[in-house]
Structure formats: structure tokens, C-alpha cells
Amino acid sequence: MRKRLLPVLLAGLTVPMFALAASADQWTLPVQTKKLDNGLTVVVSEDHSSPTVGISVVYHVGMRLEPRNRTGFAHLFEHLMFQGTPNAPKGVFDKTITGGGGRNNGSTRPDFTNYIETAPVSAIEPLLWLEADRMKTLDFNAATLKNQQDVVKEEIRVNVKNQPYGGFYWLDISQQAFQKWENNHDGYGSFEDLEGATLDDVRGFHRDYYGPNNAVLAIAGDVTPAQGFALAQKYFGAIAKRPTPAAGDFSEPLGTKEKRVEQSDPLAQVPAIAAAWKVPARGSRDQAAVAVLAELLAGSDASLFYQGLVKGREIALNVNTLFGLTGPWEYDGPTLMTVFALYKPGSSADAMLAAMDEEIAKVAKNGVDDATLKRVKTSMLADWNNKMESFINRADTLAKLQTLWGDANVANKIPGWIEGVTSDDIKRAAAAYLVPANRTVIDRKPAPKAAPAGDKK
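Residues numbered from 1 in each chain as written. Predicted model: local features only at pLDDT ≥ 70, side-chain atom pairs only at ≥ 80, totals over all residues. Heavy atoms only, no water.

Naming follows an unreviewed UniProt entry, where the protein appears as Insulinase family protein of Massilia agilis.

Now the structure itself:
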């Protein structure tokens, strides 16, 4: 969120759906993994189609693990990671990368924080040196902390407080749907908590969560595994491992009673609704079915919700879906499948929900026809493969999957999981998860317009 804001052991996945083999013509990504003595896991995906490289460093810490009474601290810390070190003062990181024709970014999610770069392969050593340098330590000082506290507060103003709908469908909805503080607090950050962050907090957070044993380095592009592992050892190998606090229990059961909330929005022109259902845990036999179901219901203009609510009943203006702050494969704790839609002022949240429930009921009863299921899965597979062609996206995805699943090769299994979803799987998932009792709803309505000055009525 620095420049944009946008959240099970494999042995436990031996269930029929995940056991299905991918089709023979599936593109298999090259994936090689090695763990250094200090605990850093290194993933290399060799691809000489372009003389470039993508790099991702993912730390297994995010909004769920930030300190209590420090909401938004993981996000604040992500910003601080770009503010320099004793060896590379503020500005050096960005200038080194962009000056060589590259680009970089970072983001904070519930279960991880990621830092990504792409550049010509000739720049790989400076990039790895910079990443290793800020893994060792940062330039901790009061002026930088104050500056970045102000930057994050301004980001919140721009992206939330001064935006129509204010991110209620990815921020407020989690606060309403979950019970545990780790899952329902404002991970973007409250002004009061951000201002309360101290230098001791910053030092402690880096010490506890930014060690090599809590990180994954992924390199994709014009490099061999031997070269990648040697460079990782050269630049990261001497960084000492550091104790990492044990994670708490973030698990939550499915909902047992629908929750409805109404909000007022002074910047909105039309009403909007966010309907969110808790989804199965990572590694569940239903995970892929829910991913395909989300695409079937609201993934495109051909989806059931778009055709049924926008085109058919003409009560909605648009329909979109999302999985928390990540995607259907990149979470390590409770998350939501959320449908967000603007609806016509003459309609209502009740009408929207009734229409959604009607479409869901059809799927839960009849499943989906072969042609539609094939179209949906083909679209998902095309999106997946297109993403993996980009070295920066590939490195980032492999690092995330290694972090969350303990196996970067999950990237080669996901297409088979998608292909393996059947109509019966869709029926089962719709009936088990997309029920009103497991749903949280926010109805966001435009605030009443103030009467003109002097109008007594």
C-alpha cells in the first residue's frame, strides 16, 4: 500500500479434488527451492525469455500480527522500509532501482507484507544487496517516523475518508464479520494508534518479524537456480536468524446468524451494498470450488449476478467480487468472499439480497451446465497464466505461496485444482457457505442532502 492499496500442511491436502492431475498441456512453471542456514527460503524460477528479473521478498507478518492498540502498524512499517538504512540513506533504494530502468513497490496484507522489484538482469546484485541491507536494520529515527506517520494518515484520507464508499467493502466489512481482534481491527490504521507508534515499537517489530527465518526470497527470470541460490547466500547468508513470536489462534467458525449494518455516506451518489460470506480455510477441499463459484457469480459481465441483477432485473449498476485484501489462494486465516455492488436508488438492499439469494439457490440446487463451467474455468486459467508471464508477478506469487502454504510449487497445482472443480463441487460450496446465516451485509446509503441556507423547510 505504499503506492497503491490495493490478507495447513500439503500432506493435509490429500483429498479427491486436490489429487486431480493437471491437464497434459498445462504450462508448468520451473520452481526450485532452497533454505539457507539462517532460515531464509529462496525460490528461483528460471526463464530466459527476457533479459530481466523479478524479485519478491515476503515477510510472514501482516495486519493480524501487529501490536494491539497499534492498528495500522504493519502498514506503517511497510512505509518505513523505504526510508533508508545506515548504509543506504533515504532515497538510495528508489534511485538505484528506477535509475537502472526498474520499478519497485510494497504492500501490506493480513498475513504477509511483500516487497517487489523488477529490472534488467544486470541489476540483480544491487537489488539483492538493497533488500538484504534493509533486512539487517533500518535508519531508526524520530524524524522519519513522524514523516511516515503523516504519509500514512494522508493515504488514509485519500483512499478512505475522502472517497465515496470509503473502502467499506474491504475495510468495514471485516470489522463487522469477524469476532477476534486480529481479524476485525482496522489494519489500514487509525490516526490515534498511528500517532502512538514509537521508535521502540519500530525497532522491536523489525527485530521480531523481519529476520531471514521469517522471510521468503523469490527470483524469477533470466537466472539459473544455481546463480540465484549463490547470490542469495552471498547477500543474505550472513544475516543472523532472529526469534519470531509465535502466532496466535486466528481461527473463527462460519457464521450462524446474518448480520446487517446500515451506513451513511456523504460522498456517495447512489446506494451500495457489500455482502460477505466467510470462506473455507486455506487447504480445504472446498477452497477451489469457492474460487470458481465466486467467478461464476460475480467475476465478469457474463456472471450470474451481473446478468441477473444488472441486465435482467435492472436493479444494480455493477457487480464485483473480492477475497479480503488478497485473492482466493493467498490467505492464511479467516477471510471473506465479498460481493460489492452499486444499486439503483429506486431499489433496496432487501431486493439486492433477494436477487442474489435467488441466483445462489439455483446453483445450490442445479449446479452449473458444462458450457458455463468450462467458460468460467477457462477465464480463470487464462488470468492465472497471464499473471505468471510477468516476472515480477511470478516472483511475488511464488514467494507468497511458499510463505503461506510452505510450498511455492502450489503455483503449478492451482490450475489443476481449478480444472478439477465439478458442478457437484459448486453445488456443495454454494449450499454450505453462501447462506444468509454465514453472511454479513453493509448497506451504504448516500447521506441526506443539507437544505440550502435560509430554507426553513
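Comments concerning the overall build of the protein
Rules: Only runs of H or I of at least four residues qualify as helices and only runs of E of at least two qualify as strands under DSSP, and these elements are numbered from the N terminus. With residues, only the protein chains shown are counted as cover, and all accessible areas are computed by Shrake-Rupley using a 1.4 Å probe. We treat Lys and Arg as the positive residues and Asp and Glu as the negative residues; His and chain ends play no part in the count. Lysine's charge is taken at NZ, arginine's at CZ, aspartate's at CG and glutamate's at CD.
Tallying secondary structure elements over the protein gives 17 helices and 11 strands in all. For the protein, the spread of C-alpha atoms along the principal axes amounts to about 65 × 65 × 40 Å. Taken as a whole, the protein presents about 18900 Å² of accessible surface, with 52% of it coming from carbon and sulfur. The averaged location of the 52 negative side-chain charges in the protein is 2 Å from the averaged location of its 50 positive side-chain charges.

Comments concerning the sheet that holds strand S1 (residues 32-35)
What counts is decided by this rule: Two strands make a pair as long as DSSP finds a minimum of two bridges between them. Only the contacting stretch of a helix is used when fitting its axis, a line to C-alpha atoms as for every element, and angles between N-to-C directions run 0 to 180 degrees.
Spatial ordering of the open sheet is given by S1-S2-S6-S3-S5-S4, a layout of six strands whose pairing is mixed. Of all the strands in the sheet, the pair left with one neighbour each is S1 and strand S4 (103-108). Sheet twist, expressed as the average angle between the axes of neighbouring strands with direction ignored, equals 15°. Note: strand S3 (residues 52-59) against strand S6 (residues 215-221), seven bridges, orientation antiparallel.

Description of the confidence of the model for the protein
Using the following cut-off: The predictor rates its confidence in each residue with pLDDT, a number between 0 and 100. Contacts were defined at the residue level, with two residues in contact if any of their heavy atoms lie within 4.5 Å.
Looking at the protein, pLDDT values average 93 and 93% of them are 70 or higher. Here residues 3-24 is a poorly scored stretch, pLDDT under 50, and it has 43 contacts once near neighbours within four places are set aside; other chains count.

Topic: the sheet that holds strand S10 (residues 336-342)
The strand order across the open sheet built from five strands is S7-S11-S8-S10-S9, with neighbouring strands paired in mixed fashion. Each edge of the sheet is formed by a strand with only one pairing partner; in this case those strands are strand S7 (259-265) and strand S9 (320-323). Geometrically, the sheet is characterised by an average inter-axis angle of 20° between neighbouring strands, direction not taken into account. Pairing between strand S8 (residues 272-278) and S10: seven bridges, direction antiparallel. Following the sheet pairing, Ala-275 is matched in S10 by Val-339. Seen against the sheet, helix H13 (residues 349-366) touches S7, S8, S10 and strand S11 (439-446) and runs at an angle of roughly 40° to S8.

Thoughts on the packing of aromatic side chains
Note the threshold: The aromatic pairing rule takes the rings of Phe, Tyr and Trp, using the six-membered ring of Trp, and pairs them if the centres are within 6.5 Å, calling planes under 30 degrees apart stacked, those over 60 edge-to-face and the rest tilted. Counted as over-ring charges are cases with an Arg CZ or a Lys NZ within 6 Å of the ring centre that also lie within 35 degrees of the ring normal.
Here the structure, examined in full by the defined rule, presents 18 aromatic pairs. Grouped by ring-pair contacts, the aromatic residues Tyr-59, Phe-73, Phe-77, Phe-82, Phe-93, Tyr-115, Phe-205, Tyr-209 and Tyr-210 constitute a single cluster. For Arg-134, the ring lying beneath its charged end belongs to Phe-82, and the centroid distance is 4.6 Å. The ring of Trp-405 has Arg-282 sitting right over it, with the charged end atom 5.0 Å from the ring centre.

Observations regarding helix H9 (residues 199-209)
What counts here: Whether a residue is buried, partly exposed or exposed follows from its accessible area with a 1.4 Å probe, protein chains only, as a fraction of its type maximum: under 20%, in between, or over 50%, in that order.
Those residues of H9 not exposed but buried are Val-202, Gly-204, Phe-205, His-206, Asp-208 and Tyr-209. Buried residues along H9 sit in contact with S3, helix H2 (73-80), helix H4 (124-136) and helix H5 (142-161).

What about the pattern of salt bridges?
Our working definition: Salt bridge, as applied in this entry: a Lys or Arg side-chain nitrogen positioned within 4 Å of an Asp or Glu carboxyl oxygen.
Scanning the model with the defined rule gives 31 salt bridges in all. One salt bridge in this structure joins Arg-64 and Asp-111, with 2.6 Å as the shortest N-O distance. One end of the pair, Arg-64, is in the loop between S3 and H2; the other, Asp-111, is in the loop between S4 and strand S5 (113-120), and 47 residues separate them in sequence. Just as Arg-64 is buried, Asp-111 falls in that class too.

A look at the environment of Gly-237
In this structure, Gly-237 sits in the loop between helix H10 (225-236) and S7. Spatially, the C-alpha atoms of Gly-237 and Pro-212 are 8.8 Å apart, while their sequence positions differ by 25 residues. The contact partners of Gly-237, leaving out residues within four places of it in the chain, are Leu-36, Asn-38 and Ala-232.

What about the UniProt feature "domain: Peptidase M16 N-terminal" (unreviewed entry) in the protein?
Which entries qualify depends on this criterion: UniProt positions are given in the numbering used here, feature names are shortened, and annotations may be inferred rather than shown by experiment.
When the UniProt feature table is mapped onto this chain, "domain: Peptidase M16 N-terminal" (unreviewed entry) is found at residues 42-163. For residues 42-163, the end-to-end C-alpha separation is 40 Å, with 40% helix and 22% strand making up the annotated structure.

What to know about the side chain of Glu-78
Within the secondary structure, Glu-78 is located in helix H2. You can call Glu-78 buried: its relative accessible area is 0%.

Overview of the nonpolar core
Worth spelling out the cut-off: Only buried residues count toward a nonpolar core, which is a set of Ala, Val, Leu, Ile, Met, Phe, Trp, Tyr and Cys residues joined through side-chain atoms within 4.5 Å.
Within the largest apolar cluster, 70 residues are counted, with the highest numbers of intra-cluster contacts made by Ile-273, Leu-293, Phe-305, Met-337, Met-352, Met-356 and Ile-426. In terms of residue count, the dominant contributor to this core is helix H11 (residues 287-298) (10 residues). With residues near it in sequence (within four places) discarded, Leu-293 still touches Val-363, Ile-426, Ala-429, Ala-430 and Leu-434. In this structure, Val-44, Ala-88, Leu-145 and Trp-170 belong to the second largest nonpolar core, which totals 56 residues.

Overview of the pairing of S1
As paired strands, S1 and strand S2 (residues 41-46) are joined by four bridges and run antiparallel to one another. Bridging from a neighbouring strand, Thr-33 pairs with Val-43 of S2. Hairpin connection of S1 to S2: five residues between the antiparallel strands, including Gly-39 at a positive phi of 100°.

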